[in-house]
Structure formats: structure tokens, C-alpha cells
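Below are the chains, spelled out letter by letter.
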Amino acid sequence: MFAALARRLAGMLIVMFIVATMVFFLTRLAPGDPAALMLGEQASLADVAELRKTYGLDQPVIVQYALWLKELLRGNLGQSIFLQRPVIVAIAERAEPTFFLALLSILVATAIGVPAGIASAVWRGRASDQAVSGGAMLAASIPSFWLGLIFIQFFAVRLGWFPVAGYGPPGASFAERLYHLMLPASVLGIVNSALITRFTRASMLDVLNEDYVRTARAKGLSEARVILRHGLGNALVPIITVVGLTAALLVGGAIVTETVFGLPGIGNLVVSAVLRRDYPVIQGALIVIAGIYVLINFSIDVMYTLVDPRVKY
Amino acid sequence: MMETSVQERPLLDIRGLEVTFRTEGGDVVPVRGVDLRVEAGKTTALVGESGSGKSVTSLAIMGLLPRPYGRVSKGVAEFRRRSGAVVDLASAGQGVVRALRGNEIAMIFQEPMTSLNPVMTVGEQIAEQVRLHMALAPQAAMRHAVEMLSLVEIPDAARRAGDYPHQMSGGMRQRVMIALAMSCNPRLLIADEPTTALDVTIQAQILDLIERLRKEHSMGVLFITHNLAVVAEIADTVTVMYAGEVVEKANVRDIFHNSRHPYTAALVDCLPERARRDSNGRRIVAAIPGSVTSAAEATGCRFAPRCQRAVEACEAGSPELLVAGTGHEVRCFRWSEA
Ligand SMILES: Nc1ncnc2c1ncn2[C@@H]1O[C@H](COP(=O)(O)OP(=O)(O)OP(=O)(O)O)[C@@H](O)[C@H]1O
Ligand SMILES: [Mg+2]
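No experiment lies behind these values; they were computed from the predicted model shown.

Engineer: What's the story with the packing of aromatic side chains in this structure? I'm lost.
Structural biologist: Remark: the centre distance and the inter-plane angle together describe each pair of aromatic rings, the angle taken between the planes. All names here are of chain A. Tallied over the full model, the rule gives 14 aromatic pairs over all chains. Here the aromatic rings of Phe24 and Phe25 are separated by 5.1 Å at their centres, their planes lie at 85 degrees, and the arrangement is edge-to-face. Look at Phe24 and you get buried, because its relative accessible area is 1%. Residue Phe25 is classed as partly exposed on the basis of its relative accessible area of 33%. Relative to Phe155, the ring of Phe154 has its centre 5.1 Å away and its plane inclined at 90 degrees; by these criteria the two rings are edge-to-face. Joined through ring pairs, the aromatic side chains of Phe24, Phe25, Tyr65 and Trp68 make up one cluster.

Engineer: What am I meant to see in empty space enclosed by the protein here?
Structural biologist: The gaps of empty space that remain are located by a probe, the size of a water molecule, rolled over the atoms. For the coordinates displayed, the defined rule picks out six cavities of 30 Å³ or more. Taken as a whole, the largest cavity holds about 80 Å³ of empty space. Looking at the largest cavity, the residues that line it are His261, Pro262, Cys301, Phe303, Ala304, Cys307, Arg309, Ala310, Cys314, Cys332, Phe333 and Arg334 of chain B. The residue makeup of the lining of the largest cavity, split by class, is nine nonpolar, one polar and two charged. One number sums up the size of the second largest cavity: a volume of about 60 Å³. Taken together, Thr215, Ala218 and Lys219 of chain A together with Gly102, Ala106, Met107, Gln129, Met177, Leu180 and Ala181 of chain B make up the lining of the second largest cavity. Mapped onto the lining of the second largest cavity, the elements with two or more residues apiece are α9 (211–218) of chain A together with β6 (105–108) and α6 (170–182) of chain B.

Engineer: Before we go on, may I ask you to explain the pattern of salt bridges in this structure?
Structural biologist: Once the charged atoms of two side chains with opposite charge are near each other, the side chains can pair. Residue and element names in this part refer to chain B. Enumeration according to the criterion identifies 31 salt bridges over all chains in this entry. In this structure, Arg32 and Glu245 form a salt bridge, with 3.1 Å as the shortest nitrogen-oxygen distance. You can see Arg32 sitting in strand β2 (residues 26–38) and its partner Glu245 sitting in strand β10 (residues 245–251), a full 213 residues away along the chain. Measuring nitrogen to oxygen at the nearest pair gives 2.5 Å for the salt bridge that ties Arg160 to Asp163. You'll find Arg160 and Asp163 in the same group, each marked buried. Salt bridges here are not isolated pairs; linked through shared partners, they connect Arg9, Asp13, Arg15, Arg37, Glu39 and Glu78.

Engineer: Help me understand the domain arrangement of chain A, please; the structure alone is not making it clear to me.
Structural biologist: Often, the extent of an interface is quoted as the loss of accessible area upon association of its parts. Residue and element names in this part refer to chain A. When cut into domains, chain A gives domain 1 (2–73) and domain 2 (90–307). With 19 residues of domain 1 in contact, the opposing surface of domain 2 contributes 15 residues. Linking domain 1 with domain 2 are one salt bridge. Measuring nitrogen to oxygen at the nearest pair gives 2.4 Å for the salt bridge that ties Arg8 to Asp301. Where the side of domain 1 that touches domain 2 is concerned, the elements lending two or more residues are α1 (2–29), α2 (34–39) and α4 (61–73). Of all the elements, α1 adds the most residues to the side of domain 1 that touches domain 2, at 11 residues. Among the residues forming the side of domain 1 that touches domain 2, the class breakdown is 15 nonpolar, two polar and two charged.

Parameters at a glance
- Residues numbered from 1 in each chain as written.
- Chains lettered and ligands numbered in written order.
- Predicted model: local features only at pLDDT ≥ 70, side-chain atom pairs only at ≥ 80, totals over all residues.
- Heavy atoms only, no water.
- Phe/Tyr/Trp six-rings, centres within 6.5 Å; stacked < 30°, edge-to-face > 60°.
- Buried < 20%, exposed > 50% of the residue type's maximum accessible area, 1.4 Å probe, protein only.
- 1 Å grid on protein atoms, 1.4 Å probe; cavity = no way out; pocket = protein on both sides within 12 Å on 5 of 7 lines; lining within 4 Å.
- Points joined across faces, edges and corners; volume = space filled by probe spheres on them.
- Nonpolar A, V, L, I, M, F, W, Y, C, P; charged D, E, K, R; others polar.
- Helix = DSSP H or I, 4+ residues; strand = E, 2+ residues; numbered from the N terminus.
- Salt bridge = Lys/Arg side-chain N within 4 Å of Asp/Glu carboxyl O.
- Domains from an automatic or database assignment.
- Contact = heavy atoms within 4.5 Å.

Okay, here's the thing in C-alpha cells:
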């Protein structure tokens, strides 16, 4: 068990090292000089050279890479070129809306997708199944920005139930900040529920044909208990997988929704960093997101062992 | 002498059972004209080759036909409850039959490897049923589950109750299935080929176990198999099915020594013990030529296409179950010539 865990952690470190290397070199492939960009078109060559030196951009790439790895090992993601503060601070400032948006979205997506998937598997081929499948197809094909605009128009502007955009005024309470996430989380939840619905349906269809479900019925259990305890209990592994992967995608990929709803999240941070060639921020954000992916994957695997005694570490 | 000679009603009395599956290609009738009896404390064997409708019959009794497309379309299946009341399982509502399942009627399936829930401990799987039907508190239910596991001779039952199915062998799992089936002291046990998936020595142990429990609990057993050697060992009465119909019913002696239906006779001849020897002393195992006609295409006797005794009348009309002796019924126009 401990040996397996140690192996697993080593594996995670290797993945992170590969990610760090790729992030570093891929970022450098993009054209454009951050120093020149930062100083504007009027800057003298000498000023640009000075700035390049400050950020170590004048060193050979391989030296920059070695330095970057060394600092990374010490937990230092560097200094933002434009924001005048450490990258880790810039990311931490933006982490909250992104984190809670992802969390709420995944809750909404699961709350829609799992029951819908179960219902459509149980009533396979009937009207409710067709309705769910149609709904899932629709949800999957709606662009989130479009649904976001519709929701803002209807629920925020017309009905006035939710704020139109933003994350509350400075100093807003936590409850108020969460309230600002309701609409964007519903949008992301609906859009992402489609995949969860399909996985749940497929997984439940497999499981409901199993002999042990027949045994459960032969025990005289109620149909609800047969389906939820014996059916769903065995269908969880693929469901956890797709929920986990969706969560991972949401952490890094809610950029469009963050933009539509004017949320000061990591997506926003990354977009502006890309536009300004703020290498340290881009790299740092990618590293953090990759780290979260790795952690989510790890938790998925841990959850497998909790829901299925046959899965061992 | 006391008046025990008055014939008690059987535990299970099925008459004219017909099952219909609605499929895309139209209705299919995998079982029709099934008459079957199980007496309390006795074993009725249900035999017939693969696809003859044995499992469908048992699922119909349990109310477990695949919904929504499978249903009992004709006939009655009267079951005498512990209380003495008689219910017709074929027409009773889902709720009534569900309350009997796992409680007064229990079932063991052919596949011990897949019939237990892989994510629940075996103890919990038994305790769940016990809590439901015997209204026991969780701890008492678990104690009862452990007792059941010792009853089926699982060593170190208290510890094994915490095992998951994948930690057990096939034979052990089938014991768990039997413990589960027995846990609410059922009056009727339906065993659908409970030993087919097990190797021979384990098979014998499982049969002994079922026999012991039947005697101790005077439980009726409907034992489904296509193994006539097993039938000879455990059955009191035998019902033979062919292509969805009962073709012969008799006590076990008559089936083996006085069978009236050519299909039964052919089945008995297929037993390796009955095989003739060739000139080198090797056994020639007989086989029944041809294969089962599907239910849809049959007009006359369904066995006629494979029957060596068939005459024109056999192709024209289908025979009813005819009385051929005490407790002996046969579906053949020419039974008396056998
Ligand atoms: N769920 C189902 N849907 C449609 N047809 C079915 C279904 N289950 C069984 N059948 C059909 O009903 C007929 C009887 O099947 P059944 O399983 O009762 O046979 P059996 O006598 O138990 O055979 P075996 O010895 O192989 O278990 C077969 O022709 C089978 O194809
Ligand atoms: Mg069968």
C-alpha cells in the first residue's frame, strides 16, 4: 500500500516535470519579445536590453530553463513582468472565483446528469429516455457563451434575480460573491451535464443487465433500492471518471464563461498574460492547472478504491 | 389412523402457464402449456434441453420476467403461503409478489460468479434481505447472516461475512447464494442449474447441502437442470419440457424406467450409464438428432420433426397432456405404444 502510494507520488512528480519542461519551451516558441511589448513601440533598444537583463531574458534558453526548474523546485513561479508582483500571488488572487465556479458547476452538472442518466437507462427506449437524450444532445451543442448571454438577458436583466456580471464590489461578503457565481455556474453546469448524462446512462444500462441486479430483485427489494443501491453502486466508476475529468477541464477551461460574466478568474488572467507575453504568468498558471489535473486524477483513483473493493492500490 | 390421507394442496401448482415476449418481430411465446407441481418438502426437477423455457418458467414464477416486454399471458401459478392462503403468482400485483420474493420464495441462479453484488460484502448482502423481510435491526440481521453462512458450512463464517464476492471461490459463492436464499426460511426454493458452473466435486457438495436444507426445513424445491444424473439423485418428481411445453410429468422412477414420451426416452438414453458399448468396449453416447423447432413454426406436436415414432396425425394437431398413470402425464398421441 505505502510502496504503491510512493510509486504513485513519484509518477505524479515525473508528470509535473514533463509538464514544466513542455510549458517552458512551448511558451518560448511563440513570436514576440515581452520586453519590447512591455515598453511600447517608442522604447530605445538600450531600454529593451536593460529590461531583458532584469528578467533574465538575455541568457541562453538552456540557462533560463535551468533557472526556471531550480526556482520551480523551491516553489517559486517567478515574478510577473506586467503585474509587478510574484506570479503565485497573481494566481492566488484570481483562484477563488475560478475554484468556486468549477465546484458549483460540477455540482450542477452532476445533479442534472446523474439522475437524468439513471432515468433514461431505467426507462430505456421510452419517451423519458428520448427526452433526456434529446436534451443532452442540445446541452452539448449549445456554446456556453451563447447560453450565458441568454441567461444574463433573461434571469439578470429581465427578471432581475441575479447580478448581470462581476464578482461583487470590493469587500463583498462570501455569500454575495457566491451569489454572483450562480448564473455562470448554471450555464457551465448545464453545458457539462450532457457528457455526465451519457456516461451515467451507458454505465447504468450495462449494470442493470447484470446477474446481481436480478439477484437483488429476487431478494424482494424495492425497485428504487435495486436501482440505486445495486445498480448505481456498481455504475460509479465510470461516473466518477467523467465527473472528475469534467471538473479538471472546468478548472482550466472556463475562460469563455469567465469572460462573458466578467469574473476575475484564472481564465481571465491567462488570456491577458498571453496577449502581453507575460511568460512567467502563463507558465505559472499552466503549471498550477496541470498540478490540479494531476491531483484530481489522483483523487479519482482514490475514489475508485472507495466505491469498488476490487480496485486495489 | 388420522386423516392424513386427505390430499393436501401442493405448495406450488402451475396450470396452463403461458409467457409472451413482445419483440420487434412480433410476439414470441417461449413457454406455453406448462403444468407443474411442487409439494412441500419434496423436489421437483424441471428438465429439458437448452432453450426449452426452463429459466423463463422460473422467472415467471418469481415475477421477474424482463419488463416491460415479458408477461404471463395465460394460466395460473398458485402458491400456498405460510399462512395457508393461496395466491396466484401469475395474476397477483407486483407488490404482492415482491413481498414473497426472498421471503417465502427464494431462488438460486446458475452463475455464482456473477450473481452476487461485487461492491457489497457477502454478509451485508444477506443482512439486507433479512432486515427487509424479518424486520430485524442491523446488528441482529448481520448476526443472522453469519449464522446462515455457517449453516451452509462456510468455515470461519463471522470473518468471511466481511469478504467481498471476488475474495471467494465459485463454490463458496454458490454457498453464499444458498445462504442468502435460505436466510428467511423460504417455503419454496427455485434452483436454476445451481451446479452447472461448478466442478464435479463441488457440485456434489452443493447438491448435498440443498438436500440437507430441504429435509431440515421441509421446503419444496424446484430444481432446474439438464443433467439427468442429478435428477436421478435428488428428484421426487420430474417435469420434462420441450420447446416451451411440458411433455411429460411423472415420479422419478417412471421417468427413468417407464417413460412414455419419446423425447424423455431419448433423453434417458443419452445418459452415459445407459450407453451401449461398441465392439471395442467403448461407450457410444447417444444423441437426439435434429434441433428444437422454434415455438412460432410449430403446428402439430413440436417434437414430431425429430421423433422416430411420428405419424401423420402428429404433424396435424398438437396433443394435450394425457393421463398415462397415477401422477403420470404425457403429451403424446402414441404414448400407450411406448
Ligand atoms: N429476455 C428474453 N428476451 C427474449 N427471449 C428470451 C429471453 N429470455 C429467454 N428468451 C427465449 O426464451 C426461450 C427459453 O429460454 P430459457 O432461458 O427459458 O431456456 P432454458 O430452458 O432455461 O435453457 P438453458 O438450459 O440454456 O438455460 C429461448 O428461446 C430464449 O431465446
Ligand atoms: Mg436457463
